[in-house]
Amino acid sequence: MTEDHYGFATRAIHVGQDPDPTTGSVIVPIHATSTFAQDGVGGLRGGFEYSRTGNPTRAALEECLAALEGARHGRAFASGMAATDTALRTMLRPGDHVIIPNDAYGGTFRLLDKVMAHWGIEYTPVALADVDAVRAAVRPNTRLVWVETPTNPLLHIADIALLAELAHSVDARLLVDNTFASPYLQSPLELGADVVLHSTTKYIGGHSDVIGGALVTSDDELNAAFGFLQNAAGAVPGPFDAWLTLRGIKTLEVRMEKHSDNTEKVTEALLHHPKVTKVFYPGLPEHPGHEVATKQMRRYGGMVSFTVEGGVDAALRVCSRTRLFTLAESLGGVESLIEHPGRMTHLSTAGSPLQVPGDLVRLSVGIESADDLIADLVAALD
């Protein structure tokens with residue numbers, strides 16, 4: 001059986017991670033070196049010369065990431081934002097236009113609005129669930145459609161296949177930020193996407209102990225361009241970061257199943273609490289993107305957001321009262337986190353068309369006992 005036919009968990013544990021041929025180490029070694037001895041000028045052992053250009057630990061991670069997304073190529077970066085920056089600078093030129101979600105991640109918006117705009121990159125926020133609205137936003141200079149699905153923090157769902165068809169019809173590319181879903185729950189390349197982006201800090205790493213990012217594609221030309229900028233700009237993960245991310249990947253399937261189990265139970269409890277005014281979760285039949293999410297996702301994930309009675313002050317009080325849900329930014333770790341997007345992860349969108357509701361609370365539901373998590377939330381809400 002070839003690697004292409006292995007199940008997800010088998011790929012996560014084995015692809016790129018054969019026992020070390022020198023020592024027999026079952027786990028990929030941490031190659032903590034800046035440079036590599038050469039057998040004569042240009043005589044590279046295993047193709048490695050300098051760890052910014054390539055490192056065996058990072059190469060193992062990149063091979064595994066590609067396998068998880070069913071792709072030919074993977075590139076690992078020092079952070080999700082480093083991957084985002086590389087994607088934008090590779091795929092766009094001054095004067096080009098990109099369509100983004102109207103509730104895009106705050107860091108993505110900040111990079112486009114405060115950095116890329118100075119270099120002549122134009123952007124338009126659109127409700128990506130409305131394909132007609134996306135079509136109406138297309139300009140002659142549109143070169144990229146940037147998709148988050150589910151979005152952060154309102155959990156909107158975009159139809160990847162339809163948007164890929166639309167993007168390609170106008171000679172644009174489609175990139176999917178797959179961070180919220182992870183490769184286990186969603187496979188954008190199979191649905192027509194050109195590139196998949198991850199903040200590997202989140203579900204892929206899974207333990208809140210490492211920062212990283214990734215770009216995955218089957219486009220040889222794009223991969224070469226990503227690799228050039230990866231080396232030229234140097235925003236690469238160190239070998240220990242790559243090793244930690246590989247360690248997290250091994251349990252991705254079992255963690256995502258538990259995250260999803262717990263989130264479904266937490267969502268049900270939120271729906272029945274009198275102080276919760278609205279719940280955002282694609283697993284709910286009443287969610288406007290439920291049908292599309294059911295079609296393109298294995299399950300609905302570990303993120304849920306909700307609004308509370310009493311506005312901003314009430315939302316801030318809830319965030320400050322939980323004990324098991326730690327008040328912190330980020331998401332996707334084994335522990336549960338709570339945050340106020342308007343004052344934390346999405347503060348950069350304040351006053352813009354992407355500003356999030358002030359009464360919104362976002363949860364990253366961990367893999368603790370669901371009953372304990374529900375009791376913690378109920379106590380905070382009460």
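Residues numbered from 1 in each chain as written. Predicted model: local features only at pLDDT ≥ 70, side-chain atom pairs only at ≥ 80, totals over all residues. Heavy atoms only, no water.

An unreviewed UniProt entry annotates the chain as Cystathionine gamma-synthase originating from Saccharothrix carnea. The UniProt entry for the chain carries the following text under Cofactor (unreviewed entry): "pyridoxal 5'-phosphate". Word for word, the UniProt comment on the chain under Sequence similarities (unreviewed entry) is "Belongs to the trans-sulfuration enzymes family." (UniProt positions renumbered as here; feature names shortened; annotations may be inferred.)

## A short note on the packing of aromatic side chains
Aromatic rings in a pair are described by how distant their centres are and how their planes are angled relative to each other. Scanning the entire structure with this criterion turns up 5 aromatic pairs. Look at Phe 36 and Phe 48: their rings are 5.7 Å apart centre to centre, the planes differ by 35°, and that puts the pair in the tilted class. Here Phe 48 lies in the loop between α1 (8–14) and α2 (56–68) and Phe 36 lies in the loop between α1 and α2, a separation of 12 residues in the sequence. Phe 36 sits in the buried class, given a relative accessible area of 16%. For Phe 48, a relative accessible area of 17% corresponds to the buried category. Plain terms: the ring middles of Phe 240 and Trp 243 are 6.0 Å apart, the flat faces sit at 10° to each other, and that makes the pair stacked. (Phe/Tyr/Trp six-rings, centres within 6.5 Å; stacked < 30°, edge-to-face > 60°. Helix = DSSP H or I, 4+ residues; strand = E, 2+ residues; numbered from the N terminus. Buried < 20%, exposed > 50% of the residue type's maximum accessible area, 1.4 Å probe, protein only.)

## Quick word on the pattern of salt bridges
Applying the stated criterion across every chain yields a total of 13 salt bridges. Residues Asp 132 and Arg 135 are paired through a salt bridge, measuring 3.0 Å at the closest nitrogen-oxygen approach. Taken together, the residues span about one helical turn, with Asp 132 and Arg 135 both in helix α5 (residues 131–137) at a distance of 3 residues. In this structure Arg 135 comes out as partly exposed when scored by relative accessible area, which is 45%. The shortest N-O distance in the salt bridge between Lys 295 and Asp 159 comes to 2.8 Å. (Salt bridge = Lys/Arg side-chain N within 4 Å of Asp/Glu carboxyl O.)

## Regarding the domain arrangement of the chain
Domain assignment breaks the chain into domain 1 (8–247) and domain 2 (252–381). Taking only C-alpha atoms into account, the centre of domain 1 sits 25 Å from that of domain 2. With 40 residues of domain 1 at the interface, the matching set in domain 2 holds 43 residues. Roughly 3300 Å² is buried in total at the junction of domain 1 and domain 2, and carbon and sulfur atoms are behind 65% of that figure. When residues of domain 1 are sorted by the area they lose upon contact with domain 2, Tyr 184, Leu 185 and Tyr 203 head the list and together hold 25% of the total. Between domain 1 and domain 2 we count 16 residue pairs in polar contact (both at pLDDT 80 or more) in total. Every element with two or more residues in the side of domain 1 that touches domain 2 is listed here: α1, β2 (97–101), α4 (106–115) and α7 (182–185). A total of 4 residues in the side of domain 1 that touches domain 2 trace back to one element, the largest contributor, which is α7. Per-class residue counts for the side of domain 1 that touches domain 2 are 24 nonpolar, 12 polar and 4 charged. (Domains from an automatic or database assignment. Contact = heavy atoms within 4.5 Å. Buried area = accessible area lost by both parts, 1.4 Å probe. Polar contact = N/O pair within 3.5 Å; in protein donor to acceptor, adjacent residues only side chain to side chain. Nonpolar A, V, L, I, M, F, W, Y, C, P; charged D, E, K, R; others polar.)

## Overview of the sheet that holds strand β10 (residues 326–327)
The strand order across the open sheet built from 5 strands is β8-β9-β12-β11-β10, with neighbouring strands paired in mixed fashion. A strand with exactly one partner marks an edge of an open sheet, and here the two such strands are β8 (276–280) and β10. Across 4 bridges, the pairing between β8 and strand β9 (residues 303–308) is antiparallel. Within β9, the position partnered with Lys 278 by the bridge is Thr 307. (Pairing = 2+ DSSP bridges.)

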